[in-house]
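Structure assessment
Residues per chain, in single letters:
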Amino acid sequence: MRRVRDALLRIRARAYTTPLGRLGVRIVVAVLGTLIIAIGVVLLPLPGPGWLIILAGLALLAMEFRWAKRLLRFTRAQLLRWTRLVKEGSWLVRIVSVGGLLLVVGGALAVSLAMVA
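Residues numbered from 1 in each chain as written. Predicted model: local features only at pLDDT ≥ 70, side-chain atom pairs only at ≥ 80, totals over all residues. Heavy atoms only, no water.

**Notes on the nonpolar core**
Nonpolar side chains tend toward joint burial in soluble globular proteins. What counts here: The nonpolar core is taken to be a set of buried Ala, Val, Leu, Ile, Met, Phe, Trp, Tyr and Cys residues, with the residues joined through side-chain atoms within 4.5 Å. For the exposure calls, accessible area comes from a 1.4 Å probe over protein chains only, and a residue counts as buried if that area is under 20% of its type's maximum, exposed if over 50%, partly exposed in between. Here a strand is any run of E in DSSP of at least two residues, a helix any run of H or I of at least four, and the numbering for each starts at the N terminus.
One finds Val-25, Val-29, Leu-58, Leu-61, Ala-62, Phe-65, Ala-68 and Leu-72 forming the largest nonpolar core, which totals eight residues. When residues of this core are traced back to their parent elements, those giving at least two are α2 (19-43), α3 (50-62) and α4 (66-88). When residues in this core are grouped by element, the largest group, three residues, is from α3.

**Describing the pattern of salt bridges**
Where side chains of opposite charge bring their charged atoms close, a pairing between them can arise. Put simply, the rule is: Think of a salt bridge as a Lys or Arg side-chain nitrogen and an Asp or Glu carboxyl oxygen that are within 4 Å of each other.
Counted by the stated rule, this structure contains one salt bridge. The shortest N-O distance in the salt bridge between Arg-12 and Glu-64 comes to 3.0 Å. Taken together, the residues Arg-12 in helix α1 (residues 2-15) and Glu-64 in the loop between α3 and α4 connect sequence positions 52 residues apart. You can call Glu-64 buried: its relative accessible area is 8%.

**Here's the deal with the packing of α4 against helix α5 (residues 91-116)**
Worth spelling out the cut-off: Only the stretch in contact is used when a helix axis is fitted, and all axes are lines through C-alpha atoms; the angle between N-to-C directions ranges over 0 to 180 degrees. Convention used here: angles under 35 degrees read as roughly parallel, angles over 145 as roughly antiparallel, angles from 65 to 115 as roughly perpendicular, and any remaining angle as oblique. We call two residues in contact when some of their heavy atoms are within 4.5 Å. Under the grouping applied here, Gly and all other residues not named as nonpolar or charged are polar, the nonpolar ones being Ala, Val, Leu, Ile, Met, Phe, Trp, Tyr, Cys and Pro and the charged ones Asp, Glu, Lys and Arg.
Put simply, α4 and α5 touch, their axes get as near as 7 Å, and they point 125 degrees apart. Here α4 lies oblique to α5, going by the angle between them. Contacts between α4 and α5 involve Trp-82, Leu-85, Val-86, Lys-87 and Glu-88 from the first element and Val-93, Arg-94 and Ser-97 from the second. Broken down by class, the residue content of the contact of α4 with α5 amounts to four nonpolar, one polar and three charged.

Here's what the structure looks like:
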């Protein structure tokens, strides 16, 4: 995985040597990031890693765009905040959190089964 990342960073650095290459990289990253986020949004109601795919697309966009970097930083902070709340919260907070998660997963499963049937 590290070799692939290094190769992509070398290609990006080479493309950044010209203004047209820089624009090309931004366009490719914007299209791929948006496509990955769209796939994640489509997968949200289905059981699967919809949110993880959305975050991956946002991370890709964050490589080139400041607004995406700020949004990704905010999202990570909120996720850590929620995780800390669940870990350190009372049993009531834990039960409500897990119950809400089970309701969301159950709803997504019901919707996906209705779509398949």
